[in-house]
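Coordinate analysis (summary)
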Amino acid sequence: MNAQYEDSEYQKKNYEDIDRLLLQLHQINVTARPELFSTIDHFISRDSFNFQIENPDNLALLAEEHGTVLGCCFVSLLDHSGMAEMNTASKQNHNICLSNPILFL
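Scope of this entry: the structure provided in the associated data block. Residue positions are given per chain, counted from 1 along the sequence in the order it is written. Local features in a predicted model are, by the rule used here, given only for residues with pLDDT of at least 70; side-chain atom pairs are given and counted only at 80 or more, and totals for whole chains, interfaces and linings are based on all residues. Just so you know, side-chain values use all the structure's heavy atoms and leave hydrogens and water out.

Side note on the overall build of the protein chain
Note the cut-off: Each helix is a run of DSSP H or I of at least 4 residues and each strand a run of E of at least 2, with the numbering of both proceeding from the N terminus. Contact between two residues is taken to exist if any of their heavy atoms lie within 4.5 Å; hydrogens are not considered.
On a plain count of helices and strands, the protein chain comes out with three helices and four strands. Reading the protein chain from its N end, one meets helices and strands in the order β-α-α-α-β-β-β. Restricting the contact set of the protein chain to residue pairs at least 6 apart, pairs at least 24 apart contribute 53%.

Points about the pattern of salt bridges
For clarity, the cut-off: When a carboxyl oxygen of Asp or Glu lies within 4 Å of a side-chain nitrogen of Lys or Arg, that pair is called a salt bridge. Exposure categories follow from relative accessible area, calculated using a 1.4 Å probe and restricted to protein chains: below 20% of the type maximum is buried, above 50% is exposed, and the middle band is partly exposed.
Using the criterion set out here, one finds three salt bridges in the structure. Its salt-bridge partner being D17, residue R20 comes within 3.9 Å of it at the nearest N-O pair. Within this pair, R20 and its partner D17 are both found in helix 2 (residues 15-32), separated by three residues, close to a single helical turn. D17 sits in the partly exposed class, given a relative accessible area of 26%. The shortest N-O distance in the salt bridge between E35 and R33 comes to 2.4 Å. The exposure class assigned to E35 is exposed, which follows from its relative accessible area of 54%.

Section: the packing of aromatic side chains
Cut-off, in case you're wondering: Two rings from Phe, Tyr or Trp (for Trp, the six-membered ring) form a pair when their centres sit within 6.5 Å of each other. Planes less than 30 degrees apart are called stacked, planes more than 60 degrees apart edge-to-face, and all others tilted.
Applying the stated criterion to the full structure yields two aromatic pairs. Of the aromatic side chains, those joined through ring pairs into one cluster are Y15, F49 and F74.

Focus: the pairing of strand 3 (residues 68-76)
Along any regular strand the residues' side chains alternate between the sheet's two faces. Cut-off, in case you're wondering: In short, DSSP must find at least two bridges between two strands for them to pair.
Sheet topology note: the strand 2 (residues 58-65)/strand 3 ladder contains eight bridges and is antiparallel. Paired with L62 across the bridge in strand 3 is C72.

Here we look at the state of the cysteines
The cut-off we apply is this: The disulfide criterion is simple: two cysteine sulfur atoms within 2.5 Å.
In total, this model carries zero disulfides according to the counting rule given. With no disulfide of its own, C72 lies closest to C73 among cysteine sulfurs, the gap being 7.7 Å.

Quick look at helix 2
This is how it is decided: Helices are assigned an expected span. That span is 1.5 Å times one less than the residue count.
Compared with an ideal rise of 1.5 Å per residue, which puts 18 residues at 26 Å, helix 2 spans 26 Å between its outermost C-alpha atoms and is within 8% of the ideal. Along helix 2, the residues that are buried comprise Y15, I18, D19, L21, L22, H26 and V30.

Let's talk about the nonpolar core
Rules: We call a set of buried Ala, Val, Leu, Ile, Met, Phe, Trp, Tyr and Cys residues a nonpolar core when their side-chain atoms join them within 4.5 Å.
Among the nonpolar cores identified, the biggest contains 10 residues, and these are Y15, I18, L21, L22, I44, F49, I53, A60, L62 and V69. Going through the elements one at a time, helix 2, helix 3 (46-54) and strand 2 are the ones with two or more residues in this core. Looking at this core element by element, the count peaks at four residues for helix 2. Setting aside residues up to four positions removed in sequence, L22 forms contacts with F43, I44 and C72.

Brief notes about the environment of L59
Tracing the sequence through the fold places L59 in strand 2. It is 7.7 Å that separates the C-alpha atoms of L59 and L77, two residues lying 18 residues apart in sequence.

Observations regarding the environment of I53
With respect to the element layout, I53 can be found in helix 3. Along the backbone, I53 and K12 are 41 residues apart, and their C-alpha atoms lie at a distance of 7.9 Å.

So far we have only geometry, and geometry alone does not tell us how the molecule works.
This is the structure we're talking about:
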């Protein structure tokens with residue numbers, strides 16, 4: 001299994017698979033705490049999903065094996081963390097360049 005950087009058009013094609021995974025995770029919360037969580041049809045709308053993956057300050061990682069989506073991770077890069085001044089993992093006006101990195105899971 002490996003994950004590889006792909007463009008946003010490729011990721012858009014995986015909306016149904018990613019929504020299914022997020023719904024599975026949400027269902028764990030519904031089962032554990034039904035007084036706080038309710039059953040929903042979609043965890044994220046297609047428009048919101050497309051907005052998130054087209055945003056240059058967001059990074060979406062997708063893990064798949066033999067064409068089956070196994071997992072996803074969404075990262076937001078912030079210019080400022082919103083916390084007290086300290087060293088953080090925020091972007092801080094540095095250019096981030098990805099040149100087909102491969103993440104082995």
